[in-house]
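What follows is the residue order along each chain.
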Amino acid sequence: MTPTSPGSTPDTGAAGQDGLQLVIRNARIATDDHDLHNIGVRDGIIVALTSRTEDLGPARATIDAEGRWVIPGAIDTHSHINQRAPEYNHVPGLGPDDNFAVETRGALAGGCTTALNYVQFGPPSLLDSYRSSLAAATGQSMMNVLFHGCLMTMDQVAEIPQAVAEGITTFKMFMPYRGEEARILGGIGSLNHAQMRTAFSEIVAHGAQALVHAEDGDIVDSCMHHEISAGLDSLAGWERSRPTIAEGDAAWTAMYLAEEAGCPVSIVHVSSLEAIRARRAVGYPGAGLESCVHYMLLNTSSDIGPEGKVAPPLRDPELAEAITEAVLAGEIDFFGSDHNVWPIAAKKEWESARPGLPGIGLMLPLLLTHLVHERGMSMERAIELTSRNAALRFGLPGKGLVAVGADADLVVLEEGRREIRADELHSAVDYSPYQGMTLRTWPLATVCGGTVVYQDGAFPNPDSRGEMLNNRFRSAVPGVV
Ligand SMILES: [Zn+2]
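In this report, the structure presented in the accompanying data block is examined. (Residues numbered from 1 in each chain as written. Predicted model: local features only at pLDDT ≥ 70, side-chain atom pairs only at ≥ 80, totals over all residues. Heavy atoms only, no water.)

**Here we look at the sheet that holds strand S17 (residues 451–455)**
Sheet architecture is open: four strands sit in the order S6-S15-S16-S17, paired in antiparallel fashion. The open sheet terminates on both sides in strands that have one partner only, identified here as strand S6 (70–72) and S17. The sheet shows a mean angle of 40 degrees between the axes of neighbouring strands, direction not considered. Sheet analysis places strand S15 (residues 410–419) next to strand S16 (residues 438–448), joined by eight bridges and oriented antiparallel. In the strand pairing of S16, Glu414 is matched with Trp442. Sitting on the sheet, helix H13 (residues 363–374) is in contact with S6, S15 and S16, with an inclination near 130 degrees to S16. (Pairing = 2+ DSSP bridges. Helix = DSSP H or I, 4+ residues; strand = E, 2+ residues; numbered from the N terminus. Axes fitted to C-alpha atoms, helices over the stretch in contact; angles between N-to-C directions. Contact = heavy atoms within 4.5 Å.)

**Quick look at the pattern of salt bridges**
With the rule as written, the count across this model stands at 20 salt bridges. The partner of Glu227 in a salt bridge is Arg240, and the shortest N-O contact between them spans 3.2 Å. Here Glu227 is found in helix H7 (residues 217–229), whereas its partner Arg240 is found in helix H8 (residues 235–241), with 13 residues between them in sequence. In this structure Arg240 comes out as partly exposed when scored by relative accessible area, which is 44%. A salt bridge links Arg421 to Glu424; its shortest N-O distance comes to 3.5 Å. Its relative accessible area of 37% is what places Arg421 among the partly exposed residues. Salt bridges here are not isolated pairs; linked through shared partners, they connect Lys399, Asp407, Asp409, Glu467 and Arg472. (Salt bridge = Lys/Arg side-chain N within 4 Å of Asp/Glu carboxyl O. Buried < 20%, exposed > 50% of the residue type's maximum accessible area, 1.4 Å probe, protein only.)

**Overview of unusual backbone geometry**
Between Ala311 and the following residue, Pro312, the backbone shows a cis peptide bond with an omega angle of -5 degrees. Residue placement: Pro312 occurs in the loop between helix H11 (294–297) and helix H12 (317–328). Despite not being glycine, Asn26 has its phi angle at roughly 55 degrees, a positive value. Structurally, the position occupied by Asn26 is in strand S2 (residues 20–27). Taking the relative accessible area as the measure of exposure, Asn26 reaches 17% and is therefore buried. In this structure, Asp338 takes a positive phi of about 55 degrees despite not being glycine. Mapped onto the fold, Asp338 is located in the loop between strand S14 (334–335) and H13.

**So, the sheet that holds strand S11 (residues 209–213)**
Sheet architecture is open: eight strands sit in the order S7-S8-S9-S10-S11-S12-S13-S14, paired in parallel fashion. In this open sheet, the two edge strands, each paired with only one partner strand, are strand S7 (74–79) and S14. Sheet analysis places strand S8 (residues 112–118) next to strand S9 (residues 144–151), joined by five bridges and oriented parallel. Looking at the pairing, Leu116 lines up with Leu146 of S9.

Next up, the structure:
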């Protein structure tokens, strides 16, 4: 369906000399008063937040929200844009020269204005990988990007000081991938516990923080071997190959080692109650938990095949409901999409299918539909989960709120009913595991850095580029590129 357009004037670039960059009128925002507000933006920052009766004067672009919700743009704490499979480099949108361009449009159409994106896996040097990932995003990305580093070898651990000097503040470690699985995945490496202990110390010594993919490699190896011998052919079999106990064991270990080192750590893509139980048991206040909407909305009974392969795996329907309950109870701190850019052709056979799901453009609409519309969560709490908590944890205090002085990353929300269709998601990924589901809310317009980047299914300022947020953390170290 075509959404109704709010009254607006296009951003023509013909600004009055002293006028505002953007005015959004009649916005419903998450405040104690239930009045509508006008929002004024200059130079990418919210400079005015007034009653709807106050005239903010001329602006280069205006949007009349007509009483709709205007919320902060989502911060996706976990995406893999540009983590491409080389055999698909020739496919439009899936190559090195256009993957960031295409996928960041899809994200903005879904109300996500900032991606905390992993540097590309693969090159032996973390710094080389970071620099090339940053260069690609700088030229192409329409959204803000903050790169997470990855530590797969001790050589990469040794690169931490220079990586921090160049603006990396977060480093991810993997626990499950070894041997044949690591080889199939293009060389993803896991650190052992002794190496992780060293890495946590090194990370905190440089003022950074850790992220951990928590699945225990010993348990996964053993269960995977069993399932493959038995003829892995279903979502339930894939789930048994990576049981929840593997997540609990690894999350417990990671949080314990991080606490001993005094290093902040986030357990990413939490898929079970085990990681939640581990956080309670360890009791380390520096531990954060990220989850993904697919662990609430998809499960082993979903009508999908190997395209539903993801690690950690989709769980059974009862556990998916329990994750929703845990989120409603405040046990999860922020959300990532774990957006992967594999086409359906890479997801055909159970054993060889690349793990990972697309979803950056649906994270916010699905979360709001599921938790706010269907389960009664407040919009204030949904904003904490989709942007504010991540902003505070990852050093972006101007994001995740609608207030004077905040970054003008904003989403105007439409409400109604809209069926999800993969071919309407502005992504190069040619399928969606959510195909056919119904959204109750979705973005009508998205503003990034004060520029209207998405409106009514179109991208009115296609040359706009997001901010490369690592630059905010770059040190003035001589010789740093
Ligand atoms: Zn991931």
